[in-house]
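Chain and residue survey
For reference, the chains in residue letters:
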Amino acid sequence: MLEEIDDSGLPKYDPFVTELVRITFKKPVTGSQLAPFVKTAMENAPRGLLRILALEANSNRWFVPDAIGMFSAIAFYIQLASGKASFDQVSLSNLYQLVFLRMEMNLDGTSEMKEMQLLNNHTDQLNALIKDFGVQITLLLRPLEPVSIDDFEKETMLLGLKRRSMTHYEKLGELVLDKNGKRQGNRKGTIELRWLDDRNIAISLNVPLIAPESDPLRLLMTAANAFAAVFDAKIVDPKGCEISGATVSLLKQELDRFYKQMRENNIEPGSVRAHQLLD
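Residues numbered from 1 in each chain as written. Predicted model: local features only at pLDDT ≥ 70, side-chain atom pairs only at ≥ 80, totals over all residues. Heavy atoms only, no water.

**Let's talk about the sheet that holds strand E6 (residues 136–143)**
The pairing of strands in a sheet happens through backbone hydrogen bonds and is either parallel or antiparallel. Strand order in the open sheet formed by six strands is E7-E8-E11-E12-E6-E13, with antiparallel pairing between adjacent strands. Since the sheet does not close on itself, it has two edges, and those belong to strand E7 (162–165) and strand E13 (233–236), each with one partner. Pairs of neighbouring strands in the sheet enclose a mean axial angle of 25°, with direction left out of account. Across six bridges, E6 lies against strand E12 (residues 200–206) in antiparallel orientation. Paired with Gln-136 across the two strands is Asn-206, which belongs to E12. Along the sheet, helix H4 (residues 149–158) contacts E7, strand E8 (168–171), strand E11 (191–197) and E12; its crossing angle with E11, the most-contacted strand, is approximately 165°. (Pairing = 2+ DSSP bridges. Helix = DSSP H or I, 4+ residues; strand = E, 2+ residues; numbered from the N terminus. Axes fitted to C-alpha atoms, helices over the stretch in contact; angles between N-to-C directions. Contact = heavy atoms within 4.5 Å.)

Listed below in structure tokens is the structure:
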């Protein structure tokens, strides 16, 4: 997927979620000079939350730095938090002290960086939002006959789900579009299916990852009915009660309030921002 690029040639990013630190060198430096700093940065970042690009001096284009090239600048995209991992004060401090400041001193670079306390405060804010809005609705499929893990895996693969583990599959949803209708990525994990044991299969809707206009409850119930037919199963709530129209109506009221709160906190349900934070 092609990324949207800013005037400097760097991929655009969401400053609500990500901090960009760019260091410019007075004279181009070799990739081998950058390598130990890149290694230290990656070691101090939670997996998937740090992206590093360097400005190749001859072509004036941004690439993942390698040991051979000559580079005039380097950019660190720091996603402060996500539903899977988060920076903490120690890891952020290590990035600044062991990487950014040392690069400035040792490689004669200059940068503009926010104060550490501001970044820590914003990370805390994002983690609070993740805690509040990282919500799933889960129903249970109760098969009339036991379903082995092998049968579960076979049927979920046939129905086009993506494998996360032997007992955990997810359904890829629609494309994520920006406000202008441009493609931004795939909706991942909108519907998830988990084999709990041979008598219980959980089907979950990742609530914040889908726009309310897509009628999330209808999508969940459609998926639940489809899988219930495959596994010859009843659909029940976590307490074992069969799902009724009244239950769905109550859930819709709760979802309406939930989506309103998301929007009040600057997170559009189903948006790229929602996926970055809550996927």
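That covers the picture; the talk isn't over yet.
**Observations regarding the nonpolar core**
One broad trend across soluble globular proteins is that nonpolar side chains are buried collectively. Within the largest apolar cluster, 68 residues are counted, with the highest numbers of intra-cluster contacts made by Leu-34, Ile-74, Phe-76, Ile-78, Met-103 and Ile-203. Sorting elements by how many residues they give to this core places helix H5 (residues 216–231) first, with eight residues. Among residues more than four places away in sequence, those in contact with Phe-76 are Glu-19, Leu-20, Val-21, Ile-23, Ala-41, Leu-50, Arg-51, Ile-52, Val-99, Phe-100 and Met-103. (Core = buried A, V, L, I, M, F, W, Y, C linked by side-chain atoms within 4.5 Å. Buried < 20%, exposed > 50% of the residue type's maximum accessible area, 1.4 Å probe, protein only.)

**As for the packing of aromatic side chains**
Following the criterion strictly, the structure yields seven aromatic pairs and no others. Here Phe-258 and Tyr-259 contribute two aromatic rings whose centre-to-centre distance is 5.9 Å and whose plane-to-plane angle is 70°, an arrangement assigned as edge-to-face. Pair check on accessibility: Phe-258 and Tyr-259 agree, each one buried. An aromatic cluster of at least three residues, connected via ring pairs, comprises Phe-76, Tyr-96 and Phe-100. The side chain of Arg-51 reaches across the aromatic face of Tyr-77, ending 5.9 Å from its centre. (Phe/Tyr/Trp six-rings, centres within 6.5 Å; stacked < 30°, edge-to-face > 60°. Lys NZ or Arg CZ within 6 Å of the ring centre and 35° of its normal.)

**Points about H5**
With 16 residues, H5 should cover 22 Å at 1.5 Å per step; its first-to-last C-alpha distance of 22 Å lies within 8% of that length. Turning to H5, the residues buried within the fold contact E6, H4, E11, E12, E13 and helix H6 (245–264). Positive backbone phi, at 50°, marks Asp-232, one or two positions downstream of H5. (Expected span 1.5 Å × (residues − 1).)

**Considerations on the environment of Gly-109**
One can find Gly-109 in strand E5 (residues 109–111). Measuring from C-alpha to C-alpha, the distance between Gly-109 and Leu-80 comes to 24 Å, with 29 residues separating the pair along the chain.

**A closer look at the environment of His-168**
Along the chain, His-168 turns up in strand E8. Look past the residues within four positions of His-168 in its chain and what remains in contact with it is Lys-162, Arg-163, Glu-192, Leu-193 and Arg-194. Polar side-chain contacts of His-168 include one of 3.5 Å to the side chain of Arg-194. (Polar contact = N/O pair within 3.5 Å; in protein donor to acceptor, adjacent residues only side chain to side chain.)

**Concerning the pattern of salt bridges**
Evaluation of the coordinates by the stated rule reveals 15 salt bridges. In this structure, Glu-170 and Arg-164 form a salt bridge, with 2.8 Å as the shortest nitrogen-oxygen distance. Measuring nitrogen to oxygen at the nearest pair gives 3.1 Å for the salt bridge that ties Glu-213 to Arg-263. In this pair, Glu-213 sits in the loop between E12 and H5 while Arg-263 sits in helix H6, placing the two residues 50 residues apart along the sequence. In this structure, a network of salt bridges that share partners links the residues Arg-164, Glu-170, Glu-192, Arg-194 and Asp-279. (Salt bridge = Lys/Arg side-chain N within 4 Å of Asp/Glu carboxyl O.)

**Regarding the side chain of Glu-192**
Its place among the elements puts Glu-192 in strand E11. For Glu-192, a relative accessible area of 4% puts it in the buried group. Within polar-contact distance, the side chain of Glu-192 engages the side chain of His-168 at 2.7 Å. A distance of 2.8 Å separates polar atoms of two side chains, one belonging to Glu-192 and the other to Arg-194. Ignoring anything within four residues of it in the chain, the contact list for Glu-192 reads Gln-136, Arg-164, His-168, Tyr-169, Glu-170, Ala-202, Ile-203, Ser-204 and Asn-206.

So yeah, pure geometry; function would need other evidence.
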